[in-house]
Amino acid sequence: MKSFSVIMFSMLMAMLLVAITTVSSDNIRKDETPLKRLARAPEKSCHYDKTPWSPCDDKTNMKTRTLTLKEGDETTCEKTKKMVKKCKKACRYRKGTWSPCNSHNEIIRTDTLKHPSTENSNCEKTRQITKKCKNRFRNHLGHKKNHNKQ
């Protein structure tokens, strides 16, 4: 009985497939030409030689480089380009440890320059960072106040 069901199902599917194919082919007119893909416009291909980045300008904290056309159509590619980029931090410091809270309710940290031999002479050898103390229950010596209720 199962094999009969499988055979009937297969025949039904085959007839359905033939019917769909016939209907689809009737909808195509004989005078229509198949659609053709449009060709893509050729991409602009400009290749440049790059100069090394300039040293950082101390006033603007920017560096520049020039690109010169190496390969490409001069009518569609720029002959030279100038690139400008922000410099990384010139002065890099090794962080010190925070002091205890002082009488002004501040903590202080002294950082030292990581590479003192850098070409940028504008870097201070040390810098001090000052912040307000977060814990308001500290006295000027850095110890917790005694808040016992009496």
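Every chain begins its residue count from 1, and numbering advances along the sequence as written. The predicted nature of this model means local features are confined to residues of pLDDT at least 70 and side-chain atom pairs, given and counted, to a pLDDT of 80 or more, with totals for whole chains, interfaces and linings taken over all residues. Only hydrogens and water are set aside when side-chain values are computed; all heavy atoms of the structure are taken into account.

> How should I be thinking about the side chain of Lys63 in this particular structure?
For the purposes of this entry, the term helix denotes a DSSP run of H or I that reaches at least four residues, the term strand denotes a run of E that reaches at least two, and both are numbered from the N terminus. Mapping Lys63 onto the fold places it in strand E2 (residues 62-71). By definition in these notes, contact holds between two residues if any of their heavy atoms fall within 4.5 Å. Setting aside anything within four residues of it in sequence, one finds Lys63 in contact with Trp53, Ser54, Pro55, Cys56, Met83, Val84, Lys85, Lys86 and Cys87.

> Looking at this structure, I do not really get the pattern of salt bridges. What am I missing?
Opposite charge on two side chains lets them pair, provided their charged atoms get close. When a carboxyl oxygen of Asp or Glu is within 4 Å of a side-chain nitrogen of Lys or Arg, the pair counts as a salt bridge. On inspection of all chains with the given rule, the structure shows four salt bridges. When the shortest N-O distance is used, the salt bridge between Lys79 and Glu74 registers 3.8 Å. Glu74 matches Lys79 in its accessibility class, with the two residues each being exposed. A salt bridge links Arg127 to Asp111, with the nearest nitrogen and oxygen atoms 3.0 Å apart. You can see Arg127 sitting in strand E6 (residues 126-132) and its partner Asp111 sitting in strand E5 (residues 106-113), a full 16 residues away along the chain. Exposure classes here rest on a 1.4 Å probe applied to the protein chains alone. A residue is buried below 20% of its type maximum, exposed above 50%, and partly exposed in between. Residue Asp111 is classed as buried on the basis of its relative accessible area, which comes to 0%. Each of Arg109, Asp111 and Arg127 takes part in a single network of salt bridges with overlapping partners.

> Sorry, what's going on with the confidence of the model for the chain here?
Close inspection of predicted coordinates is inappropriate in any region flagged by low pLDDT. For the chain, the mean per-residue pLDDT works out to 76, and 62% of the residues sit at or above 70. Looking at the elements of the chain, mean pLDDT is at its lowest for helix H1 (residues 2-26), recorded as 66, and at its highest for strand E1 (residues 47-50), recorded as 93. For every residue, the predictor states its confidence as a pLDDT score lying anywhere from 0 to 100. Contacts from residues 144-150, a stretch scored under 50 in pLDDT, to residues over four places away or in other chains number six contacts.

> Whenever I open this one, the sheet that holds strand E4 (residues 93-94) confuses me. Can you help?
Within a sheet, adjacent strands bond to each other through the backbone by hydrogen bonds, running parallel or antiparallel. Strands sit in the order E4-E5-E6 across an open sheet of three strands; the sheet is antiparallel. Each end of this open sheet is capped by a strand with a single partner; those strands are E4 and E6. Think of it this way: DSSP has to see at least two bridges between two strands before they count as a pair.

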